[in-house]
Amino acid sequence: MADATTAARDRIDRALTLLESKVKALKTRQASPQALADDDLFAIPAPGAPADAARIAALEAAGHQASAALAAAAEAIQEVLSGDVREPDGPA
């Protein structure tokens, strides 16, 4: 059971590392000058701002990927805790 727990923890660590790197990349990307003047995440974007729309889409995609990775990690933890552990198919 220790091997399965370690594997589940490693999956979570990899998912969190991937999420952190994507968030850092999105944060360091050049924002439009208008967005720098008003850096409100909940503000409604001005019409005709394609850079902002692309940035929002990238953030949404990263959020969905992170959600899926964390759901898979939670499922692996539940399997370990229930004792119904199956061997991984290969490298994750």
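Bear in mind that the values here come from a model prediction, so they are computed numbers and not experimental data.

It is worth spelling out the overall build of the chain at this point. Scanning the chain from N- to C-terminus turns up 3 helices and 0 strands. Mapped in sequence order, the helices and strands of the chain form the string α-α-α. When burial is assessed residue by residue, the chain has 16% of its 92 residues classed as buried. The long-range share in the chain, meaning contacts at least 24 apart out of those at least 6 apart in sequence, stands at 79%.

Attention now moves to the environment of alanine 4. Following the sequence through the fold, alanine 4 ends up in helix H1 (residues 2-28). Each C-alpha atom of the pair alanine 4 and isoleucine 77 lies 8.6 Å from the other, and the pair is 73 residues apart in sequence.

All right, on to the confidence of the model for the chain then. Per-residue confidence for the chain averages 75 on the pLDDT scale, and 64% of its residues sit at or above 70. By mean pLDDT, helix H2 (residues 33-37) is the weakest element of the chain at 51, and helix H3 (residues 50-82) is the strongest at 84.

Parameters and conventions
- Residues numbered from 1 in each chain as written.
- Predicted model: local features only at pLDDT ≥ 70, side-chain atom pairs only at ≥ 80, totals over all residues.
- Heavy atoms only, no water.
- Helix = DSSP H or I, 4+ residues; strand = E, 2+ residues; numbered from the N terminus.
- Buried < 20%, exposed > 50% of the residue type's maximum accessible area, 1.4 Å probe, protein only.
- Contact = heavy atoms within 4.5 Å.
- pLDDT = per-residue confidence, 0-100.

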